[in-house]
Amino acid sequence: AAGVIQSPRHLIKEKRETATLKCYPIPRHDTVYWYQQGPGQDPQFLISFYEKMQSDKGSIPDRFSAQQFSDYHSELNMSSLELGDSALYFCASSLAGPTGAISGNTIYFGEGSWLTVV
Amino acid sequence: AQSVTQPDIHITVSEGASLELRCNYSYGATPYLFWYVQSPGQGLQLLLKYFSGDTLVQGIKGFEAEFKRSQSSFNLRKPSVHWSDAAEYFCAVGALGGGFKTIFGAGTRLFVKA
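Notes on the structure in this doc start here. (Residues numbered from 1 in each chain as written. Chains lettered and ligands numbered in written order. Predicted model: local features only at pLDDT ≥ 70, side-chain atom pairs only at ≥ 80, totals over all residues. Heavy atoms only, no water.)

## A short note on the nonpolar core
Counting residues in each nonpolar core, the largest one holds 27 residues, and the members touching the most others are B:L19, B:W35, B:L47, B:L48, B:F74, B:L76 and B:Y89. For this core, the leading source of residues is strand β10 (residues 87-96) of chain B, giving 5 residues. With residues up to four places along the chain from it excluded, the contact list for B:L47 reads B:W35, B:Y36, B:V37, B:G59, B:I60, B:K61, B:F63, B:L76 and B:Y89. Counting residues in each nonpolar core, the second largest holds 22 residues, with A:V32, A:I60, A:A87 and A:Y89 among its members. (Core = buried A, V, L, I, M, F, W, Y, C linked by side-chain atoms within 4.5 Å. Buried < 20%, exposed > 50% of the residue type's maximum accessible area, 1.4 Å probe, protein only. Helix = DSSP H or I, 4+ residues; strand = E, 2+ residues; numbered from the N terminus. Contact = heavy atoms within 4.5 Å.)

In structure tokens form, the structure reads like this:
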């Protein structure tokens, strides 16, 4: 079965550069979540989208932005990169947004995109 | 505010021994609780989830967890650990804000010795 696809899997950028991570949810899933997991840390929620609208916001820096497109894929844009942005970035998807998650629809995680800022 | 506490940073068990990983949560309403496993360099795999109903939840790979509202706990158990179970285990709670998000605990690293 198709899973959540993230690209690129690995990315190396220099400080102050810009990076874009892409997430392709499971087909028919309409909700996308982004998480950041620093080395040895637990995943931290950044932002989520339902039907192309932002549905919730967590600890996402102002330097970061994200959106969900008409085909439901999502992109996380990170500008003015800092060394502390080096992390594993997870995308997850589910069906039917908050209502679906509440009623038991499983949230599926991608394998993550490794961002290294040097 | 919602939060998840995993008291044990790491646990070491012998192969074949039983396992219990502790998880306590703080949430104002009925929680949506999850256990995920993460192998080194890998993504997050859902082991099991609790939304309502039977408080003893069965998951994949022989894991189970029990929701105890009075103790605000959702401990993960396995009767006999295999070496391949060595990984990081995250307890998480589903939280409602403007949407729905998952809040993770700090994780418990499981080591399995022969």
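## Observations concerning the state of the cysteines
All names here are of chain A. For the coordinates displayed, the defined rule picks out 2 disulfides over all chains. Between the sulfur atoms of C23 and its disulfide mate C91 the distance is 1.7 Å. One disulfide, between C23 and C91, carries an S-S torsion of -60 degrees and so falls in the left-handed class. Separated by 68 residues along the polypeptide, C23 in strand β3 (residues 19-24) and C91 in strand β9 (residues 87-94) bring together distant segments of the chain. C91 matches C23 in its accessibility class, with the two residues each being buried. (Disulfide = S-S within 2.5 Å.)

## Description of the interface of chain B and chain A
Between chain B and chain A, the contact holds 21 residues from the first and 25 residues from the second. Both faces combined, the contact of chain B with chain A buries some 1800 Å², and carbon together with sulfur accounts for 58% of it. Taken together, the connections running from chain B to chain A amount to 3 residue pairs in polar contact (both at pLDDT 80 or more). Considering every element that reaches the side of chain B that touches chain A, the biggest residue donor is strand β11 (residues 100-104) of chain B, with 4 residues. Its residues assigned to classes, the side of chain B that touches chain A shows 10 nonpolar, 9 polar and 2 charged. (Buried area = accessible area lost by both parts, 1.4 Å probe. Polar contact = N/O pair within 3.5 Å; in protein donor to acceptor, adjacent residues only side chain to side chain. Nonpolar A, V, L, I, M, F, W, Y, C, P; charged D, E, K, R; others polar.)

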